[in-house]
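What follows is the residue order along each chain.
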Amino acid sequence: MRRRLRDRLKTQLPFALHKNMNTGRHMIEKVDVVSIDEWNGNDAYGKYPFIKLHEPA
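Remember, it's a predicted structure, so these values are computed and weren't measured experimentally.

Conventions and cut-offs
Residues numbered from 1 in each chain as written. Predicted model: local features only at pLDDT ≥ 70, side-chain atom pairs only at ≥ 80, totals over all residues. Heavy atoms only, no water. Helix = DSSP H or I, 4+ residues; strand = E, 2+ residues; numbered from the N terminus. Buried < 20%, exposed > 50% of the residue type's maximum accessible area, 1.4 Å probe, protein only. Contact = heavy atoms within 4.5 Å. Patch = residues over 30% accessible without salt bridge, like charges linked within 9 Å, V, L, I, M, F, W, Y side chains within 5 Å. Areas by Shrake-Rupley, 256 points an atom, 1.4 Å probe, with all protein chains shown as cover. Salt bridge = Lys/Arg side-chain N within 4 Å of Asp/Glu carboxyl O. Phe/Tyr/Trp six-rings, centres within 6.5 Å; stacked < 30°, edge-to-face > 60°.

Within the protein, the regular secondary structure consists of three helices and zero strands. Ordered by position from N to C terminus, the α and β elements of the protein give α-α-α. Looking at the protein as a whole, 5% of its 57 residues are labelled buried. Long-range contacts, defined here as pairs at least 24 residues apart, represent 24% of the contacts in the protein between residues at least 6 apart.

Quick look at the structure:
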């Protein structure tokens, strides 16, 4: 399921734009689909953790 979601995102994000612009700069390097626990536990992504702000009323 993650691979299917990742592949769908890749078709909708501007990866081909890099080639067309020829600036040498990459706006998007890759797409990863991870759970919140995986995100928060990752060395790089975990610097920007997902936290629960409040309970819905």
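Read on for the rest.
This brings us to a nonpolar patch on the surface. Together, Leu-5, Leu-9 and Leu-13 make up an exposed nonpolar region whose accessible area comes to about 220 Å². For Leu-13, the position within the fold is in the loop between helix H1 (2–12) and helix H2 (15–21). Judged by its relative accessible area of 33%, Leu-13 falls in the partly exposed class.

Now for the packing of aromatic side chains. Going through the model one piece at a time under the given rule, you end up with two aromatic pairs. In this structure an aromatic cluster arises from ring pairing among Trp-39, Tyr-45 and Phe-50.

Moving on, we come to the pattern of salt bridges. Side-chain pairing between opposite charges can occur once the charged atoms of the two side chains come close. Per the stated rule, a full pass over the model turns up two salt bridges. Put simply, Arg-2 and Glu-38 hold a salt bridge, and the shortest N to O gap is 2.6 Å. Taken as a pair, Arg-2 in helix H1 and Glu-38 in helix H3 (residues 36–41) lie far apart in primary sequence, 36 residues in all. When its relative accessible area of 42% is taken as the criterion, Arg-2 is described as partly exposed. Across the pair Asp-7 and Arg-6 runs a salt bridge, and its minimum N-O distance is 3.3 Å.

Function cannot be read off these values alone, since they describe shape.
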